[in-house]
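The lines below spell out each chain.
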Amino acid sequence: MVAQRELSEAEVDRVFHALATSTRRDILRRTIEREQSVSTLASEYEMSFAAVQKHVAVLEAADLIVKRAEGRERLVRANPEMIARARALLARYEELWRSRIAQLDELLAETPAPASDTTTDTTDDSRTEEGD
């Protein structure tokens, strides 16, 4: 098992930026399934090849994908190590929030419920005129 080092703030920023658009998330999903050429990836989108290349470059800068040359083609595959590191970061955030919610639950359980006023108002609203 490879030890995962914690993501730096700059890496976290790049990962979240890279995953901020649906096109890049889709490219990442497709490259998790199998290695693909950039041209194959581009054929699935209604945008220019250059625009897809820019999306790939953002994912590559975040180290979420790895690109390699094979002849004239550039093949892209997901980087499972960085995906695992990003998942571990999100798991820590989840753990933090679950802990906070558990603390809130404990606090609410310890706090006595406010006493409800069960007395009924028995004042008579009928008034007599003075001096009758």
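Not measured: the values here are computed from a predicted model. (Residues numbered from 1 in each chain as written. Predicted model: local features only at pLDDT ≥ 70, side-chain atom pairs only at ≥ 80, totals over all residues. Heavy atoms only, no water.)

Trainee: What's the story with the overall build of the protein chain in this structure? I'm lost.
Mentor: Secondary structure assignment for the protein chain yields five helices and three strands. The N-to-C order of helical and strand elements in the protein chain reads α-α-β-α-α-β-β-α. Within the protein chain, contacts between residues at least 6 apart in sequence are counted, and of these 57% link residues at least 24 apart. Counting only carbon and sulfur atoms, one obtains 52% of the accessible surface of the protein chain, whose full area is about 10200 Å². (Helix = DSSP H or I, 4+ residues; strand = E, 2+ residues; numbered from the N terminus. Contact = heavy atoms within 4.5 Å. Areas by Shrake-Rupley, 256 points an atom, 1.4 Å probe, with all protein chains shown as cover.)

Trainee: Any chance you could explain a nonpolar patch on the surface here in plain terms?
Mentor: There is a patch of nonpolar side chains on the surface, built from Phe16, Leu90, Tyr93 and Trp97 and spanning about 450 Å² of accessible area. For the nonpolar patch, the element with the highest residue contribution is helix α5 (residues 80–110), accounting for three residues. Mapping Phe16 onto the fold places it in helix α1 (residues 9–18). (Patch = residues over 30% accessible without salt bridge, like charges linked within 9 Å, V, L, I, M, F, W, Y side chains within 5 Å. Salt bridge = Lys/Arg side-chain N within 4 Å of Asp/Glu carboxyl O.)

Trainee: Help me out: how do you make sense of the sheet that holds strand β1 (residues 36–37) in this one?
Mentor: Strand pairing in a sheet is mediated by backbone hydrogen bonds. Such pairs are either parallel or antiparallel. One open sheet holds the three strands; their spatial order is β1-β3-β2, and the pairing between them is antiparallel. A single partner strand is all that each edge strand has here, and the edge strands are β1 and β2 (65–70). The pairing of β2 with strand β3 (residues 73–78) spans six bridges and is antiparallel. Bridge assignment links Glu70 to a residue of β3, and that residue is Glu73. (Pairing = 2+ DSSP bridges.)

Trainee: I'm lost on the packing of α1 against α5 in this one. Help?
Mentor: One way to put it is that α1 packs onto α5 with a least axis distance of 11 Å and a crossing angle of 100°. By the angle between their axes, α1 is roughly perpendicular relative to α5. Along the contact surface, α1 presents Glu11, Val12, Val15 and Phe16, while α5 presents Met82, Arg85, Ala86, Leu89, Leu90 and Tyr93. (Axes fitted to C-alpha atoms, helices over the stretch in contact; angles between N-to-C directions. Parallel < 35°, antiparallel > 145°, perpendicular 65-115°, else oblique.)

Trainee: I tried to follow the pattern of salt bridges on my own but got confused; where do I start?
Mentor: Evaluation of the coordinates by the stated rule reveals seven salt bridges. Of the charged contacts, one joins Arg29 and Asp26 as a salt bridge, the two residues approaching to 2.6 Å between their closest N and O atoms. Of this pair, Arg29 and Asp26 both sit in helix α2 (residues 22–33), three residues apart, which is roughly one turn of the helix. Note on Arg29: relative accessible area 39%, which makes it partly exposed. Arg98 serves as the salt-bridge partner of Glu94, at 2.8 Å between the closest nitrogen and oxygen. (Buried < 20%, exposed > 50% of the residue type's maximum accessible area, 1.4 Å probe, protein only.)

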